[in-house]
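Inside the fold
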Amino acid sequence: MKLFIYLRKVFSIFIGLGAFCVLNGFSNDEIYVEINNQELRIKLESNSSSTALYEVLQKSDLNILMNDYGGFEKVGRIDKNLPTNDKYFQAKALDVILYNANNIVIYYDNNSWSFTKLGTIYGISKDELKKLLGNGKINARFYVKNKD
């Protein structure tokens, strides 16, 4: 019985710590992007590309100049090649994509191609994202809150 009580306490501590980390932005499956002084959350995919991006952001923020392309995305080059996990699929608004190992793409509409999904922006609608991104160039800052 004592073992059960002990294990229950240990489990409660881990659950509490996990909830604290998630509520305070300390999670290795989530990153952030700031556009026009608005913070957006990105839920990362479970792949080596997303893990590599997270590790880069642990060291320093990525400030990326992003441009419109094709009327459905903003794309910007990064200085480092990330591992790819390309597959052909339909990207949709709010998806964050890695293209050609060194381009980060934020989709505000649909497109099918072979690329790597890094994650999905949440907490904002497609229309809100499109308005936030606007027309032309933007500066986007990708970061994590719990740097090493």
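Please read all numbers here as calculations on a predicted model, not as lab measurements.

The rules we used
Residues numbered from 1 in each chain as written. Predicted model: local features only at pLDDT ≥ 70, side-chain atom pairs only at ≥ 80, totals over all residues. Heavy atoms only, no water. Helix = DSSP H or I, 4+ residues; strand = E, 2+ residues; numbered from the N terminus. Buried < 20%, exposed > 50% of the residue type's maximum accessible area, 1.4 Å probe, protein only. Contact = heavy atoms within 4.5 Å. Areas by Shrake-Rupley, 256 points an atom, 1.4 Å probe, with all protein chains shown as cover. 1 Å grid on protein atoms, 1.4 Å probe; cavity = no way out; pocket = protein on both sides within 12 Å on 5 of 7 lines; lining within 4 Å. Points joined across faces, edges and corners; volume = space filled by probe spheres on them. Nonpolar A, V, L, I, M, F, W, Y, C, P; charged D, E, K, R; others polar. Expected span 1.5 Å × (residues − 1). Polar contact = N/O pair within 3.5 Å; in protein donor to acceptor, adjacent residues only side chain to side chain. Pairing = 2+ DSSP bridges. Phe/Tyr/Trp six-rings, centres within 6.5 Å; stacked < 30°, edge-to-face > 60°. Lys NZ or Arg CZ within 6 Å of the ring centre and 35° of its normal.

What follows covers the overall build of the protein chain. Scanning the protein chain from N- to C-terminus turns up three helices and nine strands. The order of α-helices and β-strands along the protein chain, N terminus first, is α-β-β-α-β-β-β-β-β-β-α-β. Split into buried and exposed, the 148 residues of the protein chain put 41% on the buried side. For the protein chain, restricting intrachain contacts to residue pairs at least 6 apart in sequence, the fraction spanning at least 24 positions comes to 64%. Put simply, the protein chain shows about 8,900 Å² of open surface, and 54% of that area lies on carbon and sulfur atoms.

Here we come to the layout of surface pockets. To find leftover empty space, one rolls a probe the size of a water molecule over the atoms. Estimated volume of the largest pocket: approximately 200 Å³. Lining of the largest pocket is provided by Tyr69, Phe72, Glu73, Val75, Tyr99, Asn103, Val105, Tyr107, Asn111, Trp113 and Phe115. Partitioning the lining of the largest pocket into residue classes produces eight nonpolar, two polar and one charged.

All right, on to helix H2 (residues 48-59) then. For H2, with twelve residues, the first-to-last C-alpha span of 17 Å sits near the 16 Å given by 1.5 Å per residue. Within H2, the full set of buried residues consists of Ser49, Ser50, Ala52, Leu53, Tyr54, Val56, Leu57 and Gln58. By the N-cap criterion, in which a side-chain oxygen at the helix start approaches the backbone nitrogen of a residue two or three places on, H2 is capped by Asn47, the distance to Ser49 being 3.1 Å.

Most of strand E4 (residues 73-77) sits out of view: four of its five residues are buried. Direction of pairing for strand E3 (residues 62-69) relative to E4: antiparallel, over a ladder of three bridges. Bridge pairing in E4 places Tyr69 opposite Glu73. The hairpin formed by E3 and E4 contains three residues between the paired strands, and Gly70 there has a positive phi angle of roughly 70°. Where E4 lies against strand E7 (residues 103-107), five bridges are found, and the strand directions are antiparallel. When the bridges of E7 are listed, Gly76 appears paired with Ile104.

Below, the discussion takes up the side chain of Gln58. Looking at the element boundaries, Gln58 is found in helix H2. In terms of polar contacts, Gln58 uses its side chain to reach the backbone carbonyl oxygen of Asn146, at 2.8 Å.

Turning our attention to the packing of aromatic side chains. This model, assessed by the stated rule, comprises five aromatic pairs. Pairing Phe72 with Tyr107 gives two aromatic rings, centres 5.9 Å apart and planes at 10°, and the pair type is stacked. Of this pair, Phe72 sits in the loop between E3 and E4 while Tyr107 sits in strand E7, placing them 35 residues apart in sequence. Note on Tyr107: relative accessible area 2%, which makes it buried. Relative to Phe115, the ring of Phe89 lies with its centre 5.0 Å away and its plane at 80°, an arrangement referred to as edge-to-face. Highlighted residues: Phe89 in strand E5 (residues 87-91) and Phe115 in strand E8 (residues 111-122), separated in sequence by 26 residues. Assigned by exposure class, Phe89 and Phe115 land together as buried. Through pairs of rings, three or more aromatic residues link up here, namely Tyr69, Phe72, Phe89, Tyr107 and Phe115. Taking NZ or CZ as reference, Lys145 lies 4.5 Å from the ring centre of Tyr32, over its face.

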